[in-house]
Amino acid sequence: MSTKKRYERPIITKYQSGLMNKFGSGPSAKAKTSIDEVAVSKLVEEYGSPLFVMSERQLRNNQQNAIRIFRTRYPKVQFAWSYKTNYLNAVCSVFHQEGSLAEVVSEFEYDKAKLLGIKGSNIIFNGPDKSRAALQKAIKDNAKIHIDHFDELYEIIDLCNSENLKANVAIRVNMDVGVYPLWDRFGFNYENGEAWQAIKRIMSEKSLKLTGLHTHIGTYMMTAEAYRIAASKLASLANSIKREFDIKLDYIDMGGGFASNNTLIGQYLPAEQIIPSMEQYADAISSGMFEMNATGSDLPALILETGRALVDNAGYLITTVLANKRLSTGRRAIIIDAGVNILFTSFWYKHKISPAQESGVHVEDSSLYGPLCMNIDLIRESILLPAVKKGEHLVIEDVGAYAMTQWMQFITMRPNVVMIMQDGTVELIRKSEALNYILDRELLPKQLKLK
Ligand SMILES: *Cc1c(COP(=O)(O)O)cnc(C)c1O
């Protein structure tokens, strides 16, 4: 690459209010020319655009760091990978190699974990939708079944009685943790006594073993205090169980929901300035956990089902500029080849987006549109970017969570996903879809065939 500075055509920019805030006009976009030392241009050349890129090194760092932070605060810690956050086999396998259990919320995810080699007893089966067949399989596998509602509890009792099975169960508990609106649609309520009632019903059944208590208080939680309240309410339930039934629980599962570094749309300050650190979440949870009347080996294990906070910053989306244009207001619009169908998270996040090549220093407030012929296809309403030409690339950061599970085939198909391995090699971990992928599922009735 030449070191000569690139010529920039002089531009006259219409002044638009609302860009400056009390911290100034925001940093000009620095180029992100490589990911884990692999050049973005090389990745696009080999795997096309758009392209999702996962970093094995970042995944492992995130998991190891989180384990260290929690283990220094609480003696028995176990992570469980939340499949729905990113269930690509390569991603799940990294977490499993780092010692995580599988946390699944559907039969399809359950089967996916088993195909990866995870034993049933290392699978946590969550969610409101577990069919009788799925429950039967999970019971026989000795999975950790987290019951969501009474109908599910009765189904499990019926299955165990009619087939002479024994099940390991926990209940999901919802509660007031001071964050509103309340997340009370999943599990049994703490305050109104429903959770206690479910526990008593389980205790009266010989075929059921109550192994733990579970909660997942919400997602992208911006206060660590909510976790202290949740842990302390579960500790109090565990104390009652010990007192009334003389039962020691194997674990308390505090779910996930820790915020990642993405800034929410409408949020004034960047995420890294306002979200709690992993240390603050861990402090809050362990302080609530220690309200349990147990010590040493009698303490239950602490399970964490952290999703987005472990995977978001390990994912990138490389995209190519298709065109630049001026809207009727004179505002600059950039059209890129990645649409909201593959980046669902742009509906709620202001992702960090950088040019992938050295560009000029002058930034202009721009709207970033995807390639779909649909008005909703807006990746970002307003972002300061330098001039980028057709064919040049942008890198969208922190897209490791939910994008690759909530994406859909709509007008365009899902692109390649690669993983940059720790040794610097690049592996294709999901192949892009093509027309035959669509046609393979379709059936055309005979009488509709064109002659
Ligand atoms: C979605 C989910 C998680 C992970 O949530 P994050 O916000 O990604 O951390 C964990 N547990 C359960 C039960 C979930 O539904």
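Every value quoted in this text rests on a predicted model; they were computed, and no experiment measured them.

### Focus on the packing of helix H4 (residues 107-115) against helix H5 (residues 132-140)
Right, so step 1: Direction vectors running N to C along H4 and H5 enclose 30°, while the axes themselves pass 10 Å from each other. As H4 runs across H5, the sense of the crossing is left-handed. Across the interface between the two elements, Glu107, Tyr110 and Asp111 from H4 touch Ala134, Lys137 and Ala138 from H5.

### Here we look at the domain arrangement of the protein chain
Interfaces are often described in size by the accessible area the parts lose on coming together.
Right, so step 1: By domain assignment, the protein chain separates into domain 1 (34-54 + 313-438) and domain 2 (56-310).
Right, so step 2: Put simply, the middle of domain 1 and the middle of domain 2, counted by C-alpha atoms, are 33 Å apart.
Right, so step 3: Taken together, the contact between domain 1 and domain 2 spans 25 residues of the former and 25 residues of the latter.
Right, so step 4: Summed over both sides, the interface of domain 1 with domain 2 buries roughly 2,300 Å², with 53% coming from carbon and sulfur.
Right, so step 5: Considering only the surface of domain 1 that becomes buried against domain 2, Tyr349, Lys350 and Tyr402 emerge as the three largest contributors, covering 29% of it.
Right, so step 6: The interface formed by domain 1 and domain 2 includes 1 salt bridge.
Right, so step 7: Notably, a salt bridge pairs Arg57 with Glu37, separated by 3.0 Å at the nearest N-O pair.
Right, so step 8: Our count for the contact surface shared by domain 1 and domain 2 stands at 13 residue pairs in polar contact (both at pLDDT 80 or more).
Right, so step 9: Counting residues per element, the ones that place at least two in the side of domain 1 that touches domain 2 are strand S16 (349-350), helix H12 (403-406), strand S21 (417-420) and strand S22 (426-430).
Right, so step 10: In terms of residues, the side of domain 1 that touches domain 2 owes the most to one element, S21, which gives 3 residues.
Right, so step 11: Of the residues that constitute the side of domain 1 that touches domain 2, the class distribution is 13 nonpolar, 6 polar and 6 charged.

### So, the pairing of strand S18 (residues 363-369)
Right, so step 1: Along S18, 5 of the 7 residues are buried, which leaves the element largely enclosed by surrounding structure.
Right, so step 2: Here strand S15 (residues 332-336) pairs with S18 via 4 bridges, running parallel. Among the inter-strand pairings, Ala333 is bridged to a residue of S18, identified as Ser367.
Right, so step 3: Pairing geometry for S18 and strand S19 (residues 378-386), over 6 bridges, is antiparallel. Of the residues in S19, the one forming a bridge with Tyr369 is Leu378.

### Some words on the environment of Ala143
Right, so step 1: Structurally, Ala143 is set in the loop between H5 and strand S7 (144-147).
Right, so step 2: In the structure, Ala143 is positioned 252 residues away from Val395 in sequence and 40 Å away in space, judged by C-alpha atoms.
Right, so step 3: Setting aside its immediate chain neighbours within four residues, Ala143 contacts Tyr110, Gly120, Ser121, Ile123, Ala138 and Asn168.

### Focus on the nonpolar core
A general feature of soluble globular proteins is that nonpolar side chains tend to end up buried together.
Right, so step 1: Within the largest apolar cluster, 112 residues are counted, with the highest numbers of intra-cluster contacts made by Phe70, Ile156, Ile171, Leu213 and Met254.
Right, so step 2: Of the domains in this structure, domain 1 (34-54 + 313-438) and domain 2 (56-310) are the two that each give at least three residues to this core.
Right, so step 3: Apart from residues no more than four positions distant in its own chain, Leu213 is found in contact with Ala170, Ile171, Ile199, Leu234, Leu237, Ala238, Ile241, Leu249, Tyr251, Ile252 and Asp253.
Right, so step 4: Listed in part, the 15 residues of the second largest apolar core include Ile35, Val40, Ile318 and Ile420.

### Structural notes on the site of the ligand
Right, so step 1: Taken together, 16 residues are adjacent to the ligand, and Lys84, Thr219, Gly257, Glu305 and Tyr402 come closest.
Right, so step 2: Take Lys84: an N or O atom from its side chain is 2.6 Å from an oxygen atom of the ligand.
Right, so step 3: A distance of 2.6 Å separates a nitrogen atom of the ligand from a polar side-chain atom of Glu305.
Right, so step 4: Relative to its free-state accessible area of 390 Å², the ligand is covered by the protein chains to the extent of 95%.
Right, so step 5: Grouping the amino acids of the shell around the ligand by side-chain chemistry returns 1 nonpolar, 10 polar and 5 charged.

### Things to note about the pairing of strand S8 (residues 167-174)
Right, so step 1: Along S8, 7 of the 8 residues are buried, which leaves the element largely enclosed by surrounding structure.
Right, so step 2: Pairing between S7 and S8: 4 bridges, direction parallel. Along S8, the bridge assignment pairs Ile147 with Ile171.
Right, so step 3: Remark: the S7/helix H6 (residues 150-163)/S8 crossover connection has right-handed handedness.
Right, so step 4: Strand direction decides the pairing type here: S8 and strand S10 (residues 208-214), joined by 6 bridges, are parallel. Each bridged residue has a counterpart across the sheet, and for Asn168 the counterpart in S10 is Lys209.
Right, so step 5: In terms of strand pairing, S8 meets strand S9 (residues 188-189) through 2 bridges, oriented parallel. Bridge pairing in S9 places Asn174 opposite Asn189.

### Side note on unusual backbone geometry
Right, so step 1: For the bond from Ser49 to Pro50, the omega torsion is -5°, close enough to zero to count as cis.
Right, so step 2: You can see Pro50 is positioned in the loop between helix H1 (40-47) and strand S3 (51-55).
Right, so step 3: Going from Tyr180 to Pro181, the amide bond is cis rather than trans, its omega being 0°.
Right, so step 4: For Pro181, the position within the fold is in the loop between S8 and S9.
Right, so step 5: One non-glycine residue with positive phi stands out, namely Tyr220, at about 55°.
Right, so step 6: Turning to its location among the elements, Tyr220 is positioned in the loop between S10 and helix H8 (225-245).
Right, so step 7: The backbone of Asp246 sits at a positive phi, close to 55°, despite the residue not being glycine.
Right, so step 8: Mapping Asp246 onto the fold places it in the loop between H8 and strand S11 (251-253).

### A word on the pattern of salt bridges
Right, so step 1: Scanning the model with the defined rule gives 22 salt bridges in all.
Right, so step 2: Of the charged contacts in the structure, one is a salt bridge between Glu163 and Lys140, with a shortest N-O distance of 3.9 Å. Taken as a pair, Glu163 in helix H6 and Lys140 in helix H5 lie far apart in primary sequence, 23 residues in all.
Right, so step 3: For Glu163, a relative accessible area of 31% translates into the label partly exposed.
Right, so step 4: What makes Lys140 exposed here is its relative accessible area of 52%.
Right, so step 5: Measuring nitrogen to oxygen at the nearest pair gives 2.6 Å for the salt bridge that ties Lys233 to Glu191. A residue pair is termed long-range when its members are at least 10 positions apart, and Lys233 in helix H8 and Glu191 in the loop between S9 and helix H7 (194-203) qualify at 42 residues.
Right, so step 6: Take Glu191: its relative accessible area is 41%, and that puts it in the partly exposed class.

Scoring rules and cut-offs
Counting starts from 1 at the beginning of each chain's written sequence and moves along it residue by residue. Side-chain atom pairs in this predicted model are given and counted only at pLDDT of 80 or more, local residue features only at pLDDT of at least 70, and totals for whole chains, interfaces and linings cover all residues. Excluding hydrogens and water, the side-chain figures rest on all heavy atoms present in the structure. Here, axes are lines fitted to C-alpha atoms. For helices the fit covers the stretch in contact, and angles between N-to-C directions go from 0 to 180 degrees. Numbering of helices and strands runs from the N terminus; a helix is a DSSP stretch of H or I covering at least four residues, while a strand is a stretch of E covering at least two. In this scheme the crossing of two helices becomes right-handed for a clockwise turn of the near helix relative to the far one and left-handed for an anticlockwise turn of less than a right angle. Residue contacts follow a heavy-atom distance rule, with two residues in contact if any of their heavy atoms lie within 4.5 Å. Segmentation of the chain into domains, including their bounds, is taken from an automatic or database domain assignment. Summed over both partners, the accessible area (1.4 Å probe) lost when two parts come together is defined as the buried area. A carboxyl oxygen of Asp or Glu within 4 Å of a side-chain nitrogen of Lys or Arg is what we treat as a salt bridge. Here a polar contact is recorded for every N or O atom pair within 3.5 Å, except that within protein the pair must consist of a potential hydrogen donor and a potential acceptor, and residues adjacent in sequence are included only if both atoms are side-chain atoms. Think of it as three bins: nonpolar holds Ala, Val, Leu, Ile, Met, Phe, Trp, Tyr, Cys and Pro, charged holds Asp, Glu, Lys and Arg, and polar takes everything else, Gly as well. Throughout this description, buried means an accessible area under 20% of the type-specific maximum (1.4 Å probe, protein chains only), exposed means over 50%, and partly exposed covers the range between. Think of it this way: DSSP has to see at least two bridges between two strands before they count as a pair. Only buried Ala, Val, Leu, Ile, Met, Phe, Trp, Tyr and Cys residues count toward a nonpolar core, and they belong to the same one when joined by side-chain atoms within 4.5 Å. Whether a residue is near a molecule or strand is decided by its heavy atoms; if any one of them lies within 4 Å of it, the residue is near. For accessible areas, the Shrake-Rupley method is used with a probe of radius 1.4 Å. Any residue's cover is judged against the shown protein chains and nothing else. A crossover gets the label right-handed when its path from the first strand over the helix to the second runs clockwise, viewed with the strands pointing away from the viewer.

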